[in-house]
Protein chains: 2
Amino acid sequence: MYVPPHTSLWVWPMLYGIGIINAEKSEFNEDQAACGKLCIQRCEFGIEEEWLTVCPEEFLTGHYWALFDGHGGPAAAILAANTLHSCLRRQLETVVEGLLAPQPPMHLSGRCVCSSDPQFVEEKGIRAEDLVIGALESAFQECDDVIGRELEASGQVGGCTALVAVSLQGKLYVANAGDSRAILVRRDEIRVLSSEFTPETERQRIQQLAFIYPELLAGEFTRLEFPRRLKGDDLGQKVLFRDHHMNGWSYKQVEKSDLKYPLIHGQGRQARLLGTLAVSRGLGDHQLRVLDTNIQLKPFLLSIPQVTVLDVDQLALQEEDVVVMATDGLWDVLSNEQVARLVRSFLTGNREDPHRFSELAKVLIHNTQGKDDGATGEGQVSYDDVSVFVIPLHSPGQGSGGH
Amino acid sequence: MYVPPHTSLWVWPMLYGIGIINAEKSEFNEDQAACGKLCIQRCEFGIEEEWLTVCPEEFLTGHYWALFDGHGGPAAAILAANTLHSCLRRQLETVVEGLLAPQPPMHLSGRCVCSSDPQFVEEKGIRAEDLVIGALESAFQECDDVIGRELEASGQVGGCTALVAVSLQGKLYVANAGDSRAILVRRDEIRVLSSEFTPETERQRIQQLAFIYPELLAGEFTRLEFPRRLKGDDLGQKVLFRDHHMNGWSYKQVEKSDLKYPLIHGQGRQARLLGTLAVSRGLGDHQLRVLDTNIQLKPFLLSIPQVTVLDVDQLALQEEDVVVMATDGLWDVLSNEQVARLVRSFLTGNREDPHRFSELAKVLIHNTQGKDDGATGEGQVSYDDVSVFVIPLHSPGQGSGGH
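From a predicted model like this one, the values you see are computed outputs, not experimental measurements.

What counts, and at which threshold
Residues numbered from 1 in each chain as written. Chains lettered and ligands numbered in written order. Predicted model: local features only at pLDDT ≥ 70, side-chain atom pairs only at ≥ 80, totals over all residues. Heavy atoms only, no water. Helix = DSSP H or I, 4+ residues; strand = E, 2+ residues; numbered from the N terminus. Buried < 20%, exposed > 50% of the residue type's maximum accessible area, 1.4 Å probe, protein only. Contact = heavy atoms within 4.5 Å. Areas by Shrake-Rupley, 256 points an atom, 1.4 Å probe, with all protein chains shown as cover. Salt bridge = Lys/Arg side-chain N within 4 Å of Asp/Glu carboxyl O. Pairing = 2+ DSSP bridges. Axes fitted to C-alpha atoms, helices over the stretch in contact; angles between N-to-C directions. Expected span 1.5 Å × (residues − 1). Bend = angle between axes of the 7 residues up to and from the residue. Least-squares fit on C-alpha atoms with pLDDT ≥ 70 in both. Buried area = accessible area lost by both parts, 1.4 Å probe. Nonpolar A, V, L, I, M, F, W, Y, C, P; charged D, E, K, R; others polar. pLDDT = per-residue confidence, 0-100. Phe/Tyr/Trp six-rings, centres within 6.5 Å; stacked < 30°, edge-to-face > 60°. Lys NZ or Arg CZ within 6 Å of the ring centre and 35° of its normal. Left-handed = near helix turned anticlockwise from the far one by under 90°. Parallel < 35°, antiparallel > 145°, perpendicular 65-115°, else oblique.

Visitor: Explain the overall build of chain A here, please?
Guide: A count of helical and extended segments in chain A gives eight helices and 20 strands. Of all 403 residues assigned to chain A, the portion counted as buried reaches 56%. Taking contacts inside chain A between residues at least 6 apart in sequence as the whole, the part at least 24 apart equals 69%. Accessible surface for chain A amounts to roughly 16,700 Å². Of this, 49% is attributable to carbon and sulfur atoms.

Visitor: Even after reading the chapter, I still don't get the pattern of salt bridges, so can you show me in this structure?
Guide: Any two side chains of opposite charge can pair, given that their charged atoms come close. Tallying each qualifying case throughout the model produces 52 salt bridges over all chains. With a shortest N-O distance of 3.4 Å, B:Glu255 and B:Lys252 are connected by a salt bridge. Here the salt bridges share partners, and the residues they tie into one network are A:Lys124, B:Arg203, B:Glu225 and B:Arg242.

Visitor: Before we go on, may I ask you to explain the pairing of strand S5 (residues 59–71) of chain A in this structure?
Guide: Strand residues, when the strand is regular, have side chains that alternate between the two faces of the sheet. Residues and elements named next belong to chain A. When you tally the buried positions in S5, you get eleven out of 13 residues, the bulk of the element. Here strand S2 (residues 31–41) pairs with S5 via eleven bridges, running antiparallel. Paired with Ile40 across the strands is Leu60, a residue of S5. Two strands pair when backbone bridges link them, and S5 and strand S6 (residues 159–160) are joined in this way by two bridges, in the antiparallel orientation. Bridge pairing links Gly70 to Cys160 in S6.

Visitor: Explanation requested: the sheet that holds strand S19 (residues 322–326) of chain B in the structure shown.
Guide: Note: strands within a sheet are paired through backbone hydrogen bonds, in either parallel or antiparallel orientation. All names here are of chain B. Read across the sheet, five strands follow the order S1-S20-S19-S9-S10 without closing on themselves; strand pairing throughout is antiparallel. Looking at strand neighbours, the two that pair on one side only are strand S1 (17–21) and strand S10 (189–192), the edges of this open sheet. In this sheet, neighbouring strand axes are inclined to one another by 15 degrees on average, regardless of whether the strands run parallel or antiparallel. Across five bridges, the pairing between S1 and strand S20 (residues 386–392) is antiparallel.

Visitor: Just checking my understanding: could you explain helix H1 (residues 75–94) of chain A for this structure?
Guide: In an α-helix there are 3.6 residues to a turn, and that puts residues three or four apart on one side. Between its terminal C-alpha atoms H1(A) stretches 29 Å, which fits the 28 Å expected from 20 residues at 1.5 Å a residue. A maximum bend of about 35 degrees is found in H1(A) at A:Thr83.

Visitor: So what exactly am I meant to see when it comes to the relation of the copies chain A and chain B here?
Guide: When chain A is fitted to chain B, the residual RMSD is 0.0 Å, and the transformation amounts to a turn of 180 degrees plus an axial shift of 0.0 Å. What the superposition gives is, in effect, a two-fold axis relating one chain to the other. No C-alpha of chain A approaches the rotation axis more nearly than that of A:Ile212, which lies at 4.5 Å. Same-surface contact between copies: 100% of interface residues of chain A are shared with the interface of chain B.

Visitor: Sorry if this is basic, but what is going on with the interface of chain A and chain B here?
Guide: By a widely used convention, the size of an interface equals the accessible area lost when the partners come together. Contacts between the two partners involve 49 residues from chain A and, on the opposite side, 49 residues from chain B. Regarding the contact of chain A and chain B, the summed buried area is about 4,500 Å², with carbon and sulfur atoms giving 58% of it. For chain A, the biggest contributors to the area lost against chain B are A:Met106, A:Lys124 and A:Tyr251; these three give 16% of the whole. Along the contact surface separating chain A from chain B lie four salt bridges. A salt bridge links B:Lys124 to A:Glu225, with the nearest nitrogen and oxygen atoms 2.7 Å apart. Listing elements by their share of the side of chain A that touches chain B, those giving two or more residues are helix H3 (117–123), helix H4 (128–154), strand S12 (238–241) and strand S13 (250–253) of chain A. Among the elements that make up the side of chain A that touches chain B, the one with the highest residue count is H4(A) (six residues). Class assignment for the residues of the side of chain A that touches chain B results in 25 nonpolar, twelve polar and twelve charged.

Visitor: Looking at this model, I keep getting lost on the confidence of the model for chain A. Mind explaining?
Guide: Detailed conclusions should not be drawn from predicted coordinates in areas where pLDDT is low. All names here are of chain A. Averaged over all residues, the pLDDT of chain A equals 88, while 87% of them reach at least 70. Segment residues 1–14 is flagged for pLDDT under 50; beyond a separation of four residues in sequence, or across chains, it makes 36 contacts in the model. Under a pLDDT of 50 for its full length, residues 397–403 has, in the predicted model, 20 contacts with residues more than four places off or in other chains. Interface confidence for the predicted complex, expressed as ipTM, amounts to 0.89; the pTM equals 0.90.

Visitor: Looking at this structure, I do not really get unusual backbone geometry. What am I missing?
Guide: Excluding glycine, a negative phi dihedral is what most residues carry, and trans is how most peptide bonds are arranged. Positive phi, normally seen in glycine, also occurs at A:Asp285, with a value near 65 degrees. The buried category is assigned to A:Asp285, whose relative accessible area is 6%. Phi at B:Asp292 takes a positive value of approximately 65 degrees, unusual for a residue other than glycine. When you line up the elements, B:Asp292 lands in the loop between strand S17 (283–284) and strand S18 (306–310).

Visitor: Just to check I follow, could you spell out helix H5 (residues 203–212) of chain B for this structure?
Guide: Listing the buried residues of H5(B) in full gives B:Arg203, B:Ile206, B:Gln207, B:Leu209, B:Ala210 and B:Ile212. Check the buried side of H5(B) and you find it contacts helix H5 (203–212) of chain A together with strand S15 (264–265) and strand S16 (272–273) of chain B.

Visitor: Where do I start with the packing of aromatic side chains in this structure?
Guide: Think of a pair of aromatic rings as described by two things: how far the centres are apart, and how the planes are tilted against each other in angle. Residue and element names in this part refer to chain A. Enumeration over the complete set of coordinates arrives at two aromatic pairs over all chains. Arranged with centres 5.9 Å apart and planes meeting at 85 degrees, the rings of Phe221 and Tyr261 form a pair that is edge-to-face. With Phe221 in strand S11 (residues 221–222) and Tyr261 in strand S14 (residues 261–262), the pair connects residues that are 40 residues apart, well separated along the chain. Phe221 gets classed as buried once you look at its relative accessible area, which sits at 10%. For Arg281, the ring lying beneath its charged end belongs to Phe197, and the centroid distance is 3.9 Å.

Visitor: Please clarify how the environment of B:Thr327 should be interpreted in this entry.
Guide: In this fold, B:Thr327 is placed in the loop between S19 and helix H6 (328–331). It is 20 Å that separates the C-alpha atoms of B:Thr327 and B:Val309, two residues lying 18 residues apart in sequence.

Visitor: I'm lost on the packing of helix H7 (residues 336–349) of chain B against helix H8 (residues 356–366) of chain B in this one. Help?
Guide: Each pair of packed helices can be described by the angle between their axes along with the distance between the axes. Residues and elements named next belong to chain B. At their nearest, the axes of H7 and H8 sit 10 Å apart, and the two run at 140 degrees to each other. With respect to the hand of their crossing, H7 and H8 are arranged in right-handed fashion. Taking contact as the criterion, the partners of Val339, Leu342, Val343, Phe346 and Leu347 in H7 are, on H8, Arg356, Phe357, Glu359, Leu360, Val363 and Leu364. A per-class count over the contact of H7 with H8 returns nine nonpolar, no polar and two charged.

Visitor: How should the packing of H1(A) against H4(A) be read in this particular structure?
Guide: All names here are of chain A. For the pair H1 and H4, the least separation of the axes is 8 Å and the interaxial angle reads 140 degrees. Accordingly, the angle class assigned to the pair H1 and H4 is oblique. You can see that H1 and H4 cross each other, and the crossing is right-handed. Here Ala75, Ala76, Leu79, Ala80, Thr83, Leu84, Cys87, Leu88, Arg90, Gln91 and Leu92 of H1 lie close against H4, whose contacting residues are Val132, Ala135, Leu136, Ser138, Ala139, Phe140, Glu142, Cys143, Val146, Ile147, Glu150 and Leu151. Here the contact of H1 with H4 is built from residues that sort into 17 nonpolar, three polar and three charged.

Visitor: What am I meant to see in the sheet that holds strand S10 (residues 189–192) of chain A here?
Guide: All names here are of chain A. In spatial order, the strands read S1-S20-S19-S9-S10; together these five strands make up an open sheet with antiparallel pairing. Bordering the open sheet on either side are strand S1 (17–21) and S10, each of which pairs with just one other strand. Direction aside, neighbouring strands of the sheet carry axes that sit 15 degrees apart on average. Across five bridges, strand S9 (residues 181–186) lies against strand S19 (residues 322–326) in antiparallel orientation. Each bridged residue has a counterpart across the sheet, and for Arg181 the counterpart in S19 is Ala326. Against the sheet, helix H7 (residues 336–349) engages S9, S10 and S19, with an angle of about 45 degrees to S9. Where helix H8 (residues 356–366) meets the sheet, it contacts S1, S19 and strand S20 (386–392), and its direction lies at approximately 145 degrees from that of S20.

Visitor: Just checking my understanding: could you explain the environment of A:Gln207 for this structure?
Guide: All names here are of chain A. Here Gln207 is to be found in helix H5. Owing to a relative accessible area of 2%, Gln207 belongs among the buried residues under this scheme. Spatially, the C-alpha atom of Gln207 lies 9.9 Å from that of Arg242, the residues being 35 residues apart in sequence. Other than its neighbours up to four places away in sequence, Gln207 contacts Arg223, Leu224, Glu225, Arg242, Asp243, His244 and Leu263.

Right under this line is the structure:
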């Protein structure tokens, strides 16, 4: 078992709400969560140009929340929940000197090899937050490697999505790989903080890979997109299609090879990559193959997240401003607007309750179970695992930032 | 010389303004323009499943404006100005049956092979405008092929950007490949209708290609981005960098191979692909190589435009609503806001002038020549060719749409 370093720095709990419900798709919950303080040690170059930990008592402190939605079992999600924060801390520690400077220096050592180096950095518009984004990107990749090694060593399989929020130096970073979602809910505003990565949203990237490496489809799939899977009766007809380079649609005369199973098939929630997977980014799945074939999924999957930055210090924060992070089980049945309505009505009605954020998370979960309590008037049912974090951005006495 | 078919259908002139100034970088102007009526014949499947032109008198009529900014001579821009509209008409004619239907049918013949076909098309959200987008994408590709053949046959060289506006069925389509720009200027609104495609804006796509096909760099260039070109003194130091998969920045220890010339070098207007080209999309350049090497530029260039759609029929059009299309020579020295100010003040002050759109185009050109007339208070000078179209969207007696 992989043991994350510095585990002692990982502390619980914080003021936030979490709700999780298990749809009992597998013995263990395929949704996994993690959160805690992120304590980054300050390091410096020593005389020998080696890393030295200086002032170990002097920390840069952040906060971390993460949701992992597993598939093919909970193994990858559990590993990710145990590992990703350590990868992130390590990545941040390797660049912390750059983070503490007003602007990241060209050279991490702070040496100025060329007198106009600061100007070059300025012209590229490189800010401290770009180092955090880079650290998140690298941490996801590193964690994916760890999961690949661990699963192989233990003979386990599976993959997971990953949605991470990090509060650091007055900014909230939201990194997403998969189909979970984070939104900011304020009194007069809903701001979407992540995009979903599915076979449909990443169609062009996936089709392009199949165009460059046709051997990945082993002659079993067609790269082209049609409104439905074609059949013998369509042969010779001109039907709607699009290829990797097209945003628009055109018509093509159907050939025999177009009758193969499509690389991306189905619509919306039913869309599948190679008939197998509903997401196009995430961690794990190193061993995953199309049923009864040797065709691998992993070459089409990205472990890199998309990172958005919320400048919390620039918001005139109010007490009921929260970030809602949830796996697809929530968003399948509740829209952003429905969630925002539930958030606003619950929080304004429960101002005195010290546990209101946890209660709110449970209310959101409750609303995915088809109990029409009048708040949404919908009563749609989620048959998936559902996990929710409710993160208040405003903290009395602390000003702003995660807490 | 390639002769576009149906040339007789190409008619001039229309109510619009055009201004062009030659910076005399070459004997012929590297900027070229074209515009005219776009008359699309209605065709149908005959009994033998062959295309028959039916009702030749029944046209679908649109309007077309195009700007081409050449480099390495005017040859590609001239060819594009003579060719692209014919490619577009041909592409539109192959799908015109789909364009005329309320929703494009799954089968161009209109036959319904599967009773739920309309539902599949509906679920994919495919609309008539997607066929126009597809036709524009295909037309750019076809035109690029023609230019490649023509230049090779005539022993000429060069490439060009392409910015095209097409008014059709109440919508304005803006297709862009390169660094020209189109904006909508209204009394209270500026809407950007195109994005620029340069080595900087397409960094990740270009770096990824070099990652997949390292042989394209022939060992002469480094794929990685650094704030400046590295030199011997940087060896062994940890410097800021990013690779194809990164949006953020990180630090890496400099190795000898990092000292090579960067794949993308320079900032802003000075950014160059392989030290050679300032744009990453366009037509032509099939023969272009890095000076004194055999390294080709073309594999990194896309001829596919990005297409945006403006629903003109949905705008409450006012008489002074115009689209301004211009090559980079204008936008290098005037911001969108400066152009909008010039447009608004000129048009409101010249309501009675029947030639005011042409006059306005000339005013815009004039303002790139460093003559500070007080309108912008800037007086910056463009040393590039500059071409401008001013297209009024509102036409008295016609309602809306191109005219």
